[in-house]
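Structural characterization, general
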Amino acid sequence: MTTDQTDAGTRTQDDTEAAAPAPTPLFTAERSAEAVADSFAGAPDPRLREILGSLVHHLHAFAKDVDLTVDEWAAGIRFLTETGHTCDDTRQEFIMLSDVLGLSMLVETLARPSDGRFTESTVEGPFHLVDSPPRALGDTIDEAAAGGEACLVTGRVTDGDGAPVPGAHVDVWQADADGFYDVQRPGAVPDRNLRGLFTADDDGRFWFRTIVPRHYPIPTDGPVGVLLRATGRHGFRAAHLHVEVTSPATRTLTTHLFVAGSPYLDSDAVFGVKASLIRDFAEIDDAERAAAHGLPNPFRHVDFPITVPREV
């Protein structure tokens, strides 16, 4: 083995040979994608090689299709850089970008196609950033009590055969009556307000108190907002409650419970609405029932049965 001296220090001849890249086709506009994709031929992970190869082919085809200019490319780089700079511990601008481009919903739908037997999934959204506090069945998640219509949410988790899923974890989170999540109002509302982690009983049932969800705008003071305004789109989401169901025996389900009659059901900013997830929040005028649940009378009630597939 021989060595040579370089500006970077001493290296062995074997190291130099091992680091030499595989030959690739010369780069031309006509064969640009092939030249780059071929450079990944030595990637040891075949799935990574497949993904990068396809990405490069589609990316280069896009640039050729629109005849992308240098200035437009630079503007895109600035936009992505600003998107990254906007992310912090309580805000994920890249997820919002994925959401408004419909990519989040596409990936979710491809990963969990519906055959009509199971509760449909939808996007997790950018605000599931903190753990929901464990709460007892029947508890309220509205610790701020700062407005909104009192509501009782009930449901039952079952599998594809209708059998209950005892002990299923039902994680819920939502915006307040003004359309803000707790992480958007630190110090103004109790920590982890309008969040809760419930454990279904032996019959798979769960219930809790909250307020009727309200439609609201996603944050538009960053790059995603610039994109929406530039394209003449609004940033509103239809009113919904986030629900995530997990258990050792079933596949994880991330879904929404949408409020029937809410604005923006037909133009949700992140394309998250599915007809099967829209429910009536009926008004209940029953003083005895309200007292039993610790709610004012009248109150709203929605029942949300959830069916999840068993793990295979």
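Residues numbered from 1 in each chain as written. Predicted model: local features only at pLDDT ≥ 70, side-chain atom pairs only at ≥ 80, totals over all residues. Heavy atoms only, no water.

Structurally, the position occupied by Ala-175 is in the loop between strand S4 (169–173) and strand S5 (195–199). When its relative accessible area of 4% is taken as the criterion, Ala-175 is described as buried. When the C-alpha positions of Ala-175 and His-60 are compared, they lie 40 Å apart, and in sequence the two are 115 residues distant. Once residues lying within four places of it in the same chain are set aside, the contact partners of Ala-175 are Phe-180, Tyr-181, Leu-194 and Tyr-216. (Helix = DSSP H or I, 4+ residues; strand = E, 2+ residues; numbered from the N terminus. Buried < 20%, exposed > 50% of the residue type's maximum accessible area, 1.4 Å probe, protein only. Contact = heavy atoms within 4.5 Å.)

Within the protein chain, residue pLDDT values average 91, and 92% of them lie at 70 or more. Every residue in residues 1–17 is under pLDDT 50, and counting partners more than four places away or in other chains gives 14 contacts. (pLDDT = per-residue confidence, 0-100.)

Taken together, the five strands give an open sheet; going across it, the order is S5-S4-S9-S10-S11, and neighbouring strands pair in mixed fashion. Only two strands of the sheet have a single partner each, and these edge strands are S5 and strand S11 (278–279). (Pairing = 2+ DSSP bridges.)

Mapping Asp-142 onto the fold places it in the loop between helix H6 (103–111) and strand S3 (150–158). Among buried Asp, Glu, Lys and Arg side chains, Asp-142 stands out as unpaired, with Arg-135 the closest opposite charge at 8.9 Å. From its side chain, Asp-142 meets the backbone nitrogen of Ala-145 in a polar contact 3.1 Å long. (Lys, Arg positive; Asp, Glu negative; His and termini not counted. Salt bridge = Lys/Arg side-chain N within 4 Å of Asp/Glu carboxyl O. Polar contact = N/O pair within 3.5 Å; in protein donor to acceptor, adjacent residues only side chain to side chain.)

Moving on to the pattern of salt bridges. Summed over all chains, the structure comprises 15 salt bridges. A salt bridge links Arg-47 to Glu-50; its shortest N-O distance comes to 2.9 Å. A residue pair is termed a helical-turn pair when its members lie 3 or 4 positions apart in one helix, as Arg-47 and Glu-50 do in helix H3 (residues 46–65) at three residues. Of the charged contacts in the structure, one is a salt bridge between Asp-191 and Arg-192, with a shortest N-O distance of 3.8 Å. According to the relative accessible area criterion, Asp-191 is exposed, its value standing at 64%. In this structure Arg-192 comes out as partly exposed when scored by relative accessible area, which is 31%.

Moving on: a nonpolar patch on the surface. Taken together, the side chains of Leu-55, Leu-59, Phe-62, Val-66, Leu-68, Val-70, Trp-73 and Ile-77 present a nonpolar region at the surface, about 780 Å² in accessible area. Secondary-structure elements contributing two or more residues to the nonpolar patch are H3 and helix H4 (70–86). Within the secondary structure layout, Leu-55 lies in helix H3. (Patch = residues over 30% accessible without salt bridge, like charges linked within 9 Å, V, L, I, M, F, W, Y side chains within 5 Å. Areas by Shrake-Rupley, 256 points an atom, 1.4 Å probe, with all protein chains shown as cover.)

Quick look at the packing of H4 against helix H5 (residues 93–100) now. Two numbers describe a pair of packed helices, the interaxial angle and the distance between the axes. Relative to each other, H4 and H5 sit at 125 degrees, their axes nearing to 7 Å. Classed by the angle they form, the pair H4 and H5 counts as oblique. For the pair formed by H4 and H5, the contact residues are Phe-79, Leu-80, Thr-83, Gly-84 and Thr-86 on the first element and Glu-93, Phe-94 and Leu-97 on the second. (Axes fitted to C-alpha atoms, helices over the stretch in contact; angles between N-to-C directions. Parallel < 35°, antiparallel > 145°, perpendicular 65-115°, else oblique.)

This part covers unusual backbone geometry. Across the junction of Asn-297 and Pro-298, the peptide omega takes the value 0 degrees, indicating a cis bond. Looking at where Pro-298 falls in the secondary structure, it is placed in the loop between helix H8 (287–293) and strand S13 (299–303). Despite not being glycine, Arg-192 has its phi angle at roughly 65 degrees, a positive value. Structurally, Arg-192 can be placed in the loop between S4 and S5.

Membership of the largest hydrophobic core comes to 30 residues, with the highest contact counts inside it found for Val-157, Val-172, Phe-208, Val-243, Val-245 and Ile-306. Put simply, the parts of the chain that give this core at least two residues each are S3, S4, strand S6 (205–211), strand S9 (240–247) and strand S10 (250–259). When residues in this core are grouped by element, the largest group, four residues, is from S10. Discounting chain neighbours no more than four positions away, the residues touching Val-172 are Ser-132, Ile-141, Leu-194, Arg-195, Gly-196, Phe-198, Phe-208, Leu-241, His-242 and Val-243. (Core = buried A, V, L, I, M, F, W, Y, C linked by side-chain atoms within 4.5 Å.)

With that out of the way, let us pick up the packing of aromatic side chains. Inspection of every chain in the model, using the stated rule, returns four aromatic pairs. For the ring pair Phe-127 and Tyr-181, a centre distance of 4.4 Å and an interplane angle of 15 degrees mean the geometry is stacked. Of this pair, Phe-127 sits in the loop between H6 and S3 while Tyr-181 sits in the loop between S4 and S5, and the two are 54 residues apart along the sequence. Accessibility classification places Phe-127 together with Tyr-181 in one group, the buried group. One aromatic cluster is present, built from ring pairs that chain together Phe-127, Tyr-181 and Tyr-216. (Phe/Tyr/Trp six-rings, centres within 6.5 Å; stacked < 30°, edge-to-face > 60°.)

If you trace the backbone, Leu-59 turns up in helix H3. Each C-alpha atom, one on Leu-59 and one on Ala-144, is 47 Å from the other, the two residues being 85 residues apart in sequence.

Burial in H6 covers these residues: Ser-104, Met-105 and Glu-108. The buried residues of H6 occupy one face: seen down the axis, they fall within an arc of 95 degrees. Summarising the contacts, the buried residues of H6 are in contact with H5 and S10. (Arc of directions from axis to C-beta.)

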